[in-house]
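Residues per chain, in single letters:
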Amino acid sequence: MSQTDSFIEEVTEEVRRDVLYGYARKYGWIAVLAVVLAVGGAAYNEWSKAKTTAAAQAQGDAIIAALNADDATARAAALEKLADEATPAKAVIELRRAAVLAENGDKDAAVAILENVARSGDAGPVYRDLAQVKLVILQGDAMEHTVRMAILDKLANPGAPFRKVALEQRALALLASGDQDGALAQLTALLDEPGISQGMRNRTQQLIVALGGTLPDTASLLSAQ
C-alpha cells in the first residue's frame, strides 16, 4: 500500500470518527433518556405492585379485625365503615355485613344490603348472583313466589356458578307453593347434577324420602357422574 493510500485511509477513519462523535453529541441525549425512562418505568412498576400488595394486606387485616370485634353490633358497624370507603372489596364486605346482621336478628337490614349488592353495577356478576342466592334463602317463603322462582330460574341456568344451590331452592319453593310432584321431580333431577356435594346429596335424598318419593338406584346415580 502506498503512503498516499495509507494517508487517505487515515483521513477517512478520522472523518468517520468525527461524524460518529457528532451524532453522539447531537443525539446521545435520546439514548440516555431512553435508558432513564426504562429504568424509571421498571422502578415505578415495582413500586406500584408493592403499593397495591400493601393496600390489599392492610384491607385484609382491617376486615379480619372487624370480624373479630366483641359482638355482632360492633362487627356490623366496623364492616359498614370499611364498606363506606368504597374499596375494591366492597361487595365482599357488604355480603359479610349482611350475614352478621342476619345472625344478629336484623333481617330487614340484611335484606336491604343484599338487595343493594344484587343491583350494584360496581359489584361483579358472581357477587350479584351470590347476593340473590342469599336473598332467596334469607327471605324464604316470605318472598313472593313468582319473584322467587324468577330469580331461581335465572340462577339455575346451565353453567351458572350457583346452579346447584338454585335447583335445591327451586325444589323448596315448589314444595312451599304446594307443588309436591314438581318438588320431587326437581329433587330427583338434582341428584343427577355433576359435582353435587355429599351434604347436598344427603339433604336431597332425605327430603325425597320424606315426601314419599323413590330414590334412584345407586347404579343410575353413578352413571350420571
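Numbering of residues starts from 1 in each chain and follows the order in which that chain's sequence is written. Local features in a predicted model are, by the rule used here, given only for residues with pLDDT of at least 70; side-chain atom pairs are given and counted only at 80 or more, and totals for whole chains, interfaces and linings are based on all residues. To get the side-chain values, all heavy atoms of the structure are used, and hydrogens and water are removed first.

### What about the overall build of the protein?
Logical step 1: The secondary structure content of the protein amounts to 10 helices and 0 strands.
Logical step 2: Element order for the protein, N to C, with α for helix and β for strand: α-α-α-α-α-α-α-α-α-α.
Logical step 3: Accessibility here uses a 1.4 Å probe with only protein chains present; expressed as a share of the type maximum, an area under 20% marks a residue as buried, one over 50% as exposed, and anything in between as partly exposed. Across the 225 residues of the protein, 29% fall into the buried class.
Logical step 4: By the convention used here, residues are in contact when the closest approach between their heavy atoms is within 4.5 Å. Of all intrachain contacts in the protein linking residues separated by at least 6 positions in sequence, the fraction that spans at least 24 positions is 42%.
Logical step 5: Only the protein chains shown count as cover for residues, and the accessible areas themselves come from Shrake-Rupley with a 1.4 Å probe. When the accessible surface of the protein is summed, it comes to about 14,000 Å², and 58% of that surface belongs to carbon and sulfur atoms. Per the convention used, a helix needs a DSSP run of H or I reaching at least four residues, while a strand needs a run of E reaching at least two, with both numbered from the N terminus.

### Focus on the nonpolar core
Logical step 1: Grouping buried Ala, Val, Leu, Ile, Met, Phe, Trp, Tyr and Cys residues that are joined through side-chain atoms within 4.5 Å yields what is termed a nonpolar core. Within the largest apolar cluster, 38 residues are counted, with the highest numbers of intra-cluster contacts made by I93, L114, V117 and A131.
Logical step 2: Every element with two or more residues in this core is listed here: α2 (72-84), α3 (90-103), α4 (107-119), α5 (125-139), α6 (145-155), α7 (163-176) and α8 (180-191).
Logical step 3: Apart from the residues lying within four places of it in its own chain, the contact partners of A131 are L95, L114, V117 and A118.

### Notes on α6
Logical step 1: If you check which residues of α6 are buried, you get R148, M149, I151, L152 and L155. Down the axis of α6, the smallest arc covering the buried residues is 160 degrees, so these residues share one side.
Logical step 2: On the buried face of α6, the contacting elements are α5 and α7. What the arc measures is the spread of directions leading from the helix axis to the C-beta atoms.

### As for a nonpolar patch on the surface
Logical step 1: Two distance rules govern patches: like charges are joined within 9 Å, and nonpolar side chains (Val, Leu, Ile, Met, Phe, Trp, Tyr) within 5 Å, applied only to residues with over 30% relative accessible area and no salt bridge. Think of a salt bridge as a Lys or Arg side-chain nitrogen and an Asp or Glu carboxyl oxygen that are within 4 Å of each other. A cluster of nonpolar side chains, V92, V126 and Y127, forms an exposed patch at the surface whose accessible area comes to about 240 Å².
Logical step 2: Take V92: it is sitting in helix α3.
Logical step 3: A residue is classified by how much of its surface remains accessible, and V92, at 39% relative accessible area, is partly exposed.

### What to know about the pattern of salt bridges
Logical step 1: Summed over all chains, the structure comprises 6 salt bridges.
Logical step 2: Close ionic contact of E94 with R97 constitutes a salt bridge, the shortest N to O distance being 2.8 Å. Of the two residues, E94 and R97 are both situated in helix α3; the distance of 3 residues between them amounts to about one turn of the helix.
Logical step 3: R97 gets classed as buried once you look at its relative accessible area, which sits at 12%.
Logical step 4: For R148, the salt bridge identified is with D141, shortest N-O distance 2.8 Å.
Logical step 5: In this structure R148 comes out as buried when scored by relative accessible area, which is 5%.

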